[in-house]
Amino acid sequence: MPKPNSAALDATLLALADPARRRVVELLKVRPHRAGEIAAALALGGPATSKHLKVLRSCALVQEERPADDARVRVYRLRPERLSELKDWLEDVETFWSDQLAAFKGAAEAAARKSAAERAVQPRSRR
Amino acid sequence: MNAGVVTVSIEVAADPHTAFRVFTADIDTWWLRGPKHRFRARGNGRLELEPGVTGRLFERYDDGSVFEIGRVLKWEPGERVVMSWRLPNFAAAEATEVEVRFEPVGEATRVSVEHRGWHALRGDHPARHGLSGREFEMSKARLWGENLAAFRSWIHHDAARPNP
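Residues numbered from 1 in each chain as written. Chains lettered and ligands numbered in written order. Predicted model: local features only at pLDDT ≥ 70, side-chain atom pairs only at ≥ 80, totals over all residues. Heavy atoms only, no water.

S.K.: Could you clarify how one ought to interpret the overall build of chain B in this entry?
M.R.: In terms of helices and strands, chain B carries 4 helices and 7 strands. Traced from its N-terminal end to its C-terminal end, chain B shows the element sequence β-α-α-β-β-β-β-β-β-α-α. Looking at chain B as a whole, 48% of its 164 residues are labelled buried. Sequence-distant contacts in chain B: of pairs separated by 6 or more residues, those separated by 24 or more amount to 39%. (Helix = DSSP H or I, 4+ residues; strand = E, 2+ residues; numbered from the N terminus. Buried < 20%, exposed > 50% of the residue type's maximum accessible area, 1.4 Å probe, protein only. Contact = heavy atoms within 4.5 Å.)

So, in structure tokens, the structure goes:
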């Protein structure tokens with residue numbers, strides 16, 4: 001069955017295990033945000049927010065930019081590659097299970113037809 | 001309600017008890033064959049699921065060896081079975097969880113599979129770069145829980161959308 005066998009995918013899963021970091025990704029999906037805006041939206045302090053942003057940067061879910069007109073400001077932007085990879089893998093796992101369930105359906109329905117046929121032949125032989 | 005990473009369901013023309021019995025006792029007869037669907041590379045294992053809580057789900061190979069995929073955590077005939085679920089490349093303590101539910105729909109049964117817990121993987125993996133030991137342990141222990149439903153929906157609908 002499909003295995004999450006890339007280090008990048010593992011890092012994505014792990015980074016997104018934290019609800020605060022998922023919230024950051026949700027915010028950045030709408031538009032890039034400044035660090036201060038993210039801290040305010042999360043109701044977290046600057047240091048805690050920085051830590052989360054550092055994790056998200058280290059696994060390449062977000063990137064940091066400094067606008068040309070103000071080098072003091074840091075703007076965070078979502079990088080879609082990692083999420084696409086996660087999406088592809090989730091779809092692989094879904095396909096795996098869909099294929100298995102389709103095979104299962106054939107077997108379960110054959111078994112149901114067989115017991116219905118047995119009941120029809122010997123109506124009083126079983127409860 | 002459950003909110004797994006992966007949920008797939010199908011309706012089968014069989015009553016829930018028959019569906020449960022075929023799913024569990026006959027698992028080797030219908031589970032697709034080949035390396036893509038079985039657990040070890042050659043894809044030639046025979047699957048067995050032992051009934052009841054703590055029963056093993058495993059593949060047995062021609063040379064007599066066995067790979068244990070997981071154990072039964074909940075066993076409710078005709079209703080649901082929950083199993084721990086490991087792949088050959090997982091570390092010792094890593095496991096995901098698979099829940100299979102059987103719900104009557106008229107004369108038929110809706111069978112749903114939820115595969116969850118993928119976030120809890122890989123304690124010894126390079127993935128831990130960027131996370132301190134303590135933080136790593138915390139995130140490993142934390143369940144995604146209800147938020148996953150929302151998470152999954154944005155993964156599916158919007159993940160590839162570039163930022164404006």
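S.K.: In this structure, what is going on with the pattern of salt bridges? I would like to understand it.
M.R.: Note that side chains of opposite charge can pair when their charged atoms are close. All names here are of chain A. Following the criterion strictly, the structure yields 22 salt bridges over all chains and no others. Two residues, Glu 64 and Arg 74, come together in a salt bridge whose shortest N-O distance is 3.6 Å. With Glu 64 in strand E2 (residues 62-65) and Arg 74 in the loop between E2 and strand E3 (75-78), this pair connects stretches of sequence that are 10 residues apart. Here Arg 74 falls in the partly exposed class, since its relative accessible area comes to 37%. Among the ionic pairs, Lys 114 bridges to Glu 118, the shortest N-O distance being 3.9 Å. (Salt bridge = Lys/Arg side-chain N within 4 Å of Asp/Glu carboxyl O.)

S.K.: Got a minute to help me understand the packing of helix H5 (residues 80-121) of chain A against helix H1 (residues 16-25) of chain B in this structure?
M.R.: How two helices pack is summed up by the angle between their axes together with the distance between the axes. One way to put it is that H5(A) packs onto H1(B) with a least axis distance of 9 Å and a crossing angle of 125°. The pairing of H5(A) with H1(B) is recorded here as oblique in orientation. Relative to H1(B), H5(A) is oriented so that their crossing is right-handed. For the pair H5(A) and H1(B), contact is made by Leu101(A), Phe104(A), Ala107(A), Ala108(A), Ala111(A) and Ala112(A) and by Thr18(B), Ala19(B), Arg21(B), Val22(B) and Phe23(B), respectively. Residue composition of the contact of H5(A) with H1(B), grouped by class: 9 nonpolar, 1 polar and 1 charged. (Axes fitted to C-alpha atoms, helices over the stretch in contact; angles between N-to-C directions. Parallel < 35°, antiparallel > 145°, perpendicular 65-115°, else oblique. Left-handed = near helix turned anticlockwise from the far one by under 90°. Nonpolar A, V, L, I, M, F, W, Y, C, P; charged D, E, K, R; others polar.)

S.K.: Help me understand the packing of aromatic side chains, please; the structure alone is not making it clear to me.
M.R.: In this structure the tally under the stated criterion is 15 aromatic pairs over all chains. For the ring pair Phe104(A) and Phe23(B), a centre distance of 5.1 Å and an interplane angle of 70° mean the geometry is edge-to-face. Within this pair, whereas Phe104(A) is found in helix H5, its partner Phe23(B) is found in helix H1, the two belonging to separate chains. Plain terms: the ring middles of Trp30(B) and Trp31(B) are 5.5 Å apart, the flat faces sit at 50° to each other, and that makes the pair tilted. In this structure, Trp30(B) and Trp31(B) share a single accessibility class: buried. Through pairs of rings, three or more aromatic residues link up here, namely Phe96(A), Trp97(A), Phe104(A), Phe20(B), Phe23(B), Trp30(B), Trp31(B), Phe39(B), Phe67(B), Trp75(B), Trp85(B) and Phe102(B). Geometry around Phe58(B) places Arg56(B) over its ring, the cationic atom sitting 4.3 Å from the centre. (Phe/Tyr/Trp six-rings, centres within 6.5 Å; stacked < 30°, edge-to-face > 60°. Lys NZ or Arg CZ within 6 Å of the ring centre and 35° of its normal.)

S.K.: Would you explain the sheet that holds strand E1 (residues 33-34) of chain A in this entry?
M.R.: Within a sheet, adjacent strands bond to each other through the backbone by hydrogen bonds, running parallel or antiparallel. All names here are of chain A. Across the sheet, which stays open at both edges, the 3 strands sit in the order E1-E3-E2 with antiparallel pairing between neighbours. The sheet terminates laterally at E1 and E2, the two strands that pair on one side only. Pairing geometry for E1 and E3, over 2 bridges, is antiparallel. Each bridged residue has a counterpart across the sheet, and for Arg 34 the counterpart in E3 is Val 75. Helix H4 (residues 46-58) contacts E2 and E3 of the sheet and is inclined by roughly 110° relative to E2. (Pairing = 2+ DSSP bridges.)

S.K.: Honestly, the nonpolar core in this entry has me stumped. Any pointers?
M.R.: Soluble globular proteins: nonpolar side chains tend toward being buried together. In this structure, Trp97(A), Phe104(A) and Trp85(B) are the most contacted members of the largest nonpolar core, which totals 60 residues. In terms of residue count, H5(A) provides more of this core than any other element does, 12 residues in total. Contact partners of Phe104(A), with chain neighbours within four places excluded, come to Val12(B), Ala19(B), Val22(B), Phe23(B), Trp30(B), Phe102(B) and Val111(B). (Core = buried A, V, L, I, M, F, W, Y, C linked by side-chain atoms within 4.5 Å.)

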